[in-house]
Amino acid sequence: MSTQDAMETAALVTAAREGDTQAQDALVNAYLTLVYNIVGRALNGSVDVDDVVQETMLRALDGLGGLRTPERFRSWLVAIAMNQVREYRQNRLSAPGGVEEAEDLADPGADFVDLTVVQLQLTGQRLETARATRWLEPDDQELLSLWWLECAGELTRAEVAAALELSPQHAAVRVQRMKAQLEAARVVVRALDARPRCEELRIVLASWDGRPSALWRKRIARHARGCTRCSGLWSGLMPAEGLLAGLALIAASPALLAVVSSGPGKLAPAGAAARLYIPGGGAGSGPGTGRRGVRDRTGSRSQSRRRRRMRRRAVGGAVVAACVAGGGLWYFGTDSGADGANAGRGSAVPVVDLSTPSAEGGSPSPSLTPSPSATKRKKASATKSASPAEKRTPAAPRSTHRTPAASNPPQTQPDPTNVADQVVALVNKERSAAGCGPLTENPQLQKAAQGHSDDMAARHFFDHTNPDGADPGQRITAAGYQWSTYGENIAQGQQTAAAVMESWMNSPGHRANILNCSFKDIGVGVHKGDGGPWWTQDFGAKM
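With an unreviewed UniProt entry as reference, the protein is termed RNA polymerase sigma factor, source organism Streptomyces roseochromogenus subsp. oscitans DS 12.976. Taken directly from UniProt, the Sequence similarities (unreviewed entry) text for the protein runs: "Belongs to the sigma-70 factor family. ECF subfamily."

Structure, rendered in structure tokens:
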């Protein structure tokens, strides 16, 4: 989150604490979609997603008085959402008949995977990855709900770790394990989609009931590893980070927006705590009121579930239409080239990248929220730049800090022959067109960037945080660069400087780092080899 965004949020939190209903409504309007995406993906298929989202927002609004640092509202809210998800799962298991009713939880009208596929128009390996999430265990689905938003530039790794109640190092280990399970699940999706289907796999599936589960994921993946025909399904898998980078959030349904409203008949996402309607519990007017309403589900759960199913199915068609027509959904076409289920790497490589906007301040903990941009820009010559995928720096100066492109024409220079220099030249060309000053190549940033590209290739990972838990700020500091703000972009598979710059410029988070006028220096690292190249841009401004 940028410094400006944090300050604006802090002002809203302060006003909401004092009873300003407009500020409370503004907080709900700003963060309802984020909470909906976390809860929806963590509880995929549950008919109670809306209830848990409402409970989360109520808890947050009722507990504003206990938030010591208003600027950390988002991190605090994410932690509340995850606690509500865990509490919901525990209550389901301990409630009378909870085990017997488990099979009734899957609601075709509420499947978050299908909603993601339709709203974001996913195809190829992105579609494959979304479908694979159904095969993860509940704990991994909870982690995925946060990691997905980290990859999309909506959360930072620090926020993910805090929500999981883990250290950044332990969170990095958990993420690596979950990614391995997700990769196996993608192979399972490929194996089941293959036509004609493997005959040996048909025998393995003889007793399968057709429902995704962790047990059957392991059985099918084990078959795919040992089967001569199916073993090829493991090849051509693009890193999930790159596939998820830049994806938009799923818009909350009109039904949920109607429930979280500030007055009768309104469909606006407003939310003073006293005005949040809780199914089965009426309106809550004080701390804990909404919670009692949400928790009182035991006697009427079946009736409530039926009502929600009818409601979702009735508005299902309108959800996508409303989101598209209203401009609430983004789709970034970063899947360049062939990226079907069995596509390998070729000259046209799908985008495989993450952007991490830089953090500002004295401690090396970058913020992770890149600001999305809808317009695609041409490639232009520029200096090296990079931004961490989940650690974001204060928002780049707005248009008021930029001069028209014509007033600052780039000087004609010979084309650089070194690939890293080519990237820098293209970055500076884009910045010139946007009215930002050129970046200067810095040997310390170059050292940090090259080290990270080499490390990703050597240890076979693709992330802004390495397996040891070191994030971009720590790596840049270790290289000797004393920063006041920094950023990082990474990518994998693009064969030329022009190709990787096109990928980054077509992704809002990466683009925001490249065009951040606050950055003054850049370093670019490129590691070539099988499965690569691996690209890293590190941006910074000195203290």
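Visitor: Run through the nonpolar core, naming residues and quoting values.
Guide: Looking at soluble globular proteins, one finds that nonpolar side chains tend to be buried together. Of all hydrophobic cores here, the largest spans 79 residues; its most connected members are I38, V39, F73, W135, L146, W147 and I220. At 11 residues, the largest contribution of residues to this core is made by helix α2 (residues 21-42). Composition of this core by domain shows at least three residues from each of domain 1 (3-92) and domain 2 (136-246). Counting 21 residues, the second-largest nonpolar core is a separate cluster that includes A420, V427, L439 and A497.

Visitor: Tell me about the side chain of D463, and please be specific about residues and values.
Guide: Here D463 lies in the loop between α17 (443-459) and α18 (472-478). Classification of D463 by relative accessible area gives buried; the value is 2%. At a separation of 2.9 Å, a polar atom in the side chain of D463 contacts the side chain of R157.

Visitor: Tell me about the pairing of strand β7 (residues 534-542), residues and numbers included.
Guide: Burial analysis of β7 places 8 of its 9 residues in the buried class, which makes it a mostly covered element. When strand β5 (residues 483-492) meets β7, the two strands line up antiparallel, connected through 9 bridges. Pairing of N489 across the sheet is with Q537, part of β7. Where strand β6 (residues 521-527) meets β7, 7 bridges bridge the pair, whose relative direction is antiparallel. Opposite V524, over in β7, you have Q537 as the bridge partner. Following β6, the chain reverses through 6 residues before pairing antiparallel with β7; G531 in that reversal takes a positive phi of roughly 90°.

What counts, and where the lines are drawn
For every chain, the first residue of its written sequence is number 1, and the numbers climb from 1 along that sequence. Local features in this predicted model are restricted to residues of pLDDT 70 or higher, and side-chain atom pairs are both shown and tallied only at a pLDDT of 80 or more, whereas totals for entire chains, interfaces and linings draw on every residue. Side-chain measures were taken over the full set of non-hydrogen atoms in the model, leaving aside hydrogen atoms and water. UniProt positions are given in the numbering used here, feature names are shortened, and annotations may be inferred rather than shown by experiment. Among buried residues, those of type Ala, Val, Leu, Ile, Met, Phe, Trp, Tyr and Cys that are joined through side-chain atoms within 4.5 Å constitute a nonpolar core. Residue exposure (1.4 Å probe, protein chains only): buried if accessible area is under 20% of the type maximum, exposed if over 50%, otherwise partly exposed. Helix and strand assignments follow DSSP, with helices taken as H or I runs no shorter than four residues and strands as E runs no shorter than two, numbered in order from the N terminus. By convention here, the domain bounds are inherited from an automatic or database domain assignment. Any N or O atom pair separated by 3.5 Å or less is treated as a polar contact, with the protein-specific requirement of one donor-capable and one acceptor-capable atom, and with residues adjacent in sequence counted only for side-chain atom pairs. Only when DSSP finds a minimum of two bridges between them are two strands counted as paired.

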